[in-house]
Amino acid sequence: MKNEMIIEFDAVSENEGFARVAVAAFMTPLNPTLEEISDVKTAVSEAVTNAVIHGYEKQGRIWLRCRISGDVLHIEVEDRGKGIENVELAMEPLFTTCP
């Protein structure tokens, strides 16, 4: 089984909840547990929030791509914002570029 969805939306915090619910609904054919749904919703929430807060100085767009291939859920969250100079440093816990 293969199924895909792509959603494009404004990079505003109000859309974080929409993204969480959309992915949770999309993954239902996999018969996930409540814990799995919660984990996926948390990961999507963090990725979208990161794109909203750190990706753009002004409003931009976010792309959410999901694909089910067999029994595996693939998720991509993309923004085309300003990026980050030091990706290695960004992997450190609690790192931020915000004041």
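Note that this is a predicted model, so its numbers are computed, not measured. (Residues numbered from 1 in each chain as written. Predicted model: local features only at pLDDT ≥ 70, side-chain atom pairs only at ≥ 80, totals over all residues. Heavy atoms only, no water.)

Asks: Pulling in residues and values, what's your account of helix α2 (residues 34-55)?
Replies: Taking 1.5 Å of rise per residue, the 22 residues of α2 would be expected to cover 32 Å, and the 30 Å separating its terminal C-alpha atoms lies within 8% of that figure. Of the positions making up α2, those classed as buried are Ile 37, Val 40, Val 44, Ser 45, Val 48, Ala 51, Val 52 and Gly 55. End-on view of α2: buried residues confined to an arc of 150°, all on one side of the axis. Those residues of α2 that are exposed and aimed more than 90 degrees away from the buried face are Glu 35 and Glu 46. Of the surrounding elements, those touching the buried residues of α2 are β1 (2-10), α1 (15-26), β2 (61-69) and β3 (72-79). (Helix = DSSP H or I, 4+ residues; strand = E, 2+ residues; numbered from the N terminus. Expected span 1.5 Å × (residues − 1). Buried < 20%, exposed > 50% of the residue type's maximum accessible area, 1.4 Å probe, protein only. Arc of directions from axis to C-beta. Contact = heavy atoms within 4.5 Å.)

Asks: Could you give me a rundown of α1, with the residues and numbers involved?
Replies: One turn of an α-helix holds 3.6 residues; hence residues three or four places apart share an orientation. Look at α1: 16 Å from first C-alpha to last across 12 residues, which is about the 16 Å you get at 1.5 Å a residue. Buried within α1 we find Asn 15, Glu 16, Ala 19, Ala 22, Val 23, Ala 24 and Phe 26.

Asks: Got a sec to walk through the nonpolar core? Specific residues and values, please.
Replies: With 22 residues, the main nonpolar core has Met 5, Phe 9, Val 23, Val 48, Ile 62 and Leu 64 as its most contacted residues. With 6 residues, α2 is the single largest residue contributor to this core. Beyond its immediate chain neighbours, meaning those up to four positions away, Val 48 contacts Phe 9, Glu 16, Ala 19, Ile 62 and Val 77. (Core = buried A, V, L, I, M, F, W, Y, C linked by side-chain atoms within 4.5 Å.)

None of this, on its own, says anything about what the molecule does.
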